[in-house]
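# Understanding the architecture of this molecule
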Amino acid sequence: GGTFSTSQASDEILEDAHQAMADFYNASSQDEIIFGNNMTTLTLHISRSISKNWNTGDEMVVTHLDHDANITPWVLAAQDRGVRVKWVDFDPEDGSLYLDQLQQALVSSPRLLAVGYASNALGTINPIAKITKMAHEHGTQVYVDAVQYAAHGPIDVQKLDCDFLVTSSYKFFGNH
């Protein structure tokens, strides 16, 4: 925001980077893009910010298919706020989330669902648009860890309609 040339040049680089990532995710605006160190660090910070509005007795949902970086921050935040954590399992035969179990976990309108786009352990690709629709029908926000998916397929956050989507750019040739 400075008036000198190096400040203007760095502002232009930042604006271009935000626009490039908005294009990458098909975000409706570059203002939706936030940069951070990596998905793990961002999730730690965001979990603390979001959970400030949670109350004792609220619920949130995580899955056994997710990477620890999309589980532990939420579980710790839930513990700190007196929020119940519901777990969704996956089918060990094909690695898919039990969507009927997820539907049951959403009936009580939990505050948040943390779910991975693709499993780092099994490679399972979750039907995120369908999962988000299921969650939103119960007023539940959806936080998607797309770290393992981003380098392998297109991401359209407008079609997915998720509330948050995080990646780590080093997975698709960015810096760490």
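See the structure printed just above.
Bear in mind the structure is a predicted one, so any value in this text is a computation, not a measurement.

Next up on the list: the overall build of the protein chain. In terms of regular secondary structure, the protein chain is built from six helices and five strands. N-terminal to C-terminal, the α/β element order of the protein chain is α-α-β-α-β-α-β-α-β-α-β. For 176 residues, the compact-globule estimate of 2.2 N^0.38 gives 16 Å, and the protein chain sits close to it at 17 Å. With the principal axes as the frame, the protein chain shows a C-alpha extent of 55 × 35 × 25 Å.

Taken as a whole, this structure holds six aromatic pairs when the rule is applied. Both rings, one in F24 and one in F172, keep their centres 4.8 Å apart while their planes meet at 25°; by these two values the pair is stacked. Taken together, the residues F24 in helix 1 (residues 5-25) and F172 in the segment after strand 5 (164-166) connect sequence positions 148 residues apart. Both rings, one in Y143 and one in F164, keep their centres 5.8 Å apart while their planes meet at 40°; by these two values the pair is tilted. Separated by 21 residues along the polypeptide, Y143 in strand 4 (residues 141-145) and F164 in strand 5 bring together distant segments of the chain. Residue Y143 is classed as buried on the basis of its relative accessible area of 0%. We classify F164 as partly exposed; its relative accessible area is 25%. Three or more aromatic residues link up through ring pairs in this structure, and these residues are W54, W74, Y143 and F164.

Quick look at the pairing of strand 4 now. Two faces make up the sheet, and in a regular strand the side chains alternate between them. Burial of strand 4 is extensive: four of the five residues sit out of reach of the surface. Of the pairings in the sheet, the one linking strand 3 (residues 112-116) to strand 4 comprises five bridges and is parallel in character. Bridge pairing links L113 to V142 in strand 4. With respect to chirality, the unit in which strand 3 leads through helix 5 (residues 128-136) into the neighbouring parallel strand 4 is right-handed.

This brings us to the pattern of salt bridges. Summed over all chains, the structure comprises five salt bridges. Its salt-bridge partner being E59, residue R84 comes within 3.1 Å of it at the nearest N-O pair. Within this pair, whereas R84 is found in strand 2 (residues 84-88), its partner E59 is found in strand 1 (residues 59-63), the two being separated by 25 residues in sequence. Its salt-bridge partner being K133, residue E137 comes within 3.7 Å of it at the nearest N-O pair. A relative accessible area of 54% places E137 in the exposed class.

By size, the foremost hydrophobic cluster in this structure holds 31 residues, and its most contacted members are Y25, L102, V115, Y117, V144, I155 and L165. Sorting the residues of this core by element identifies helix 1, helix 4 (99-106), strand 3, helix 5, strand 4 and helix 6 (157-160) as the ones contributing at least two each. For this core, the element with the highest residue contribution is helix 5, accounting for four residues. Grouped together as the second largest cluster of nonpolar side chains are 17 residues, M39, M60, A77 and A78 included.

Summarising the element assignment, D80 is placed in helix 3 (residues 72-81). Exposure remark for D80: the relative accessible area of 54% places this residue in the exposed category. When the C-alpha positions of D80 and W54 are compared, they lie 9.9 Å apart, and in sequence the two are 26 residues distant. A polar atom in the side chain of D80 sits 2.3 Å from the side chain of R48.

Criteria and cut-off values
- Residues numbered from 1 in each chain as written.
- Predicted model: local features only at pLDDT ≥ 70, side-chain atom pairs only at ≥ 80, totals over all residues.
- Heavy atoms only, no water.
- Helix = DSSP H or I, 4+ residues; strand = E, 2+ residues; numbered from the N terminus.
- Rg over C-alpha atoms; globule rule 2.2 N^0.38 Å.
- Phe/Tyr/Trp six-rings, centres within 6.5 Å; stacked < 30°, edge-to-face > 60°.
- Buried < 20%, exposed > 50% of the residue type's maximum accessible area, 1.4 Å probe, protein only.
- Pairing = 2+ DSSP bridges.
- Right-handed = clockwise from strand over helix to strand, strands pointing away.
- Salt bridge = Lys/Arg side-chain N within 4 Å of Asp/Glu carboxyl O.
- Core = buried A, V, L, I, M, F, W, Y, C linked by side-chain atoms within 4.5 Å.
- Polar contact = N/O pair within 3.5 Å; in protein donor to acceptor, adjacent residues only side chain to side chain.

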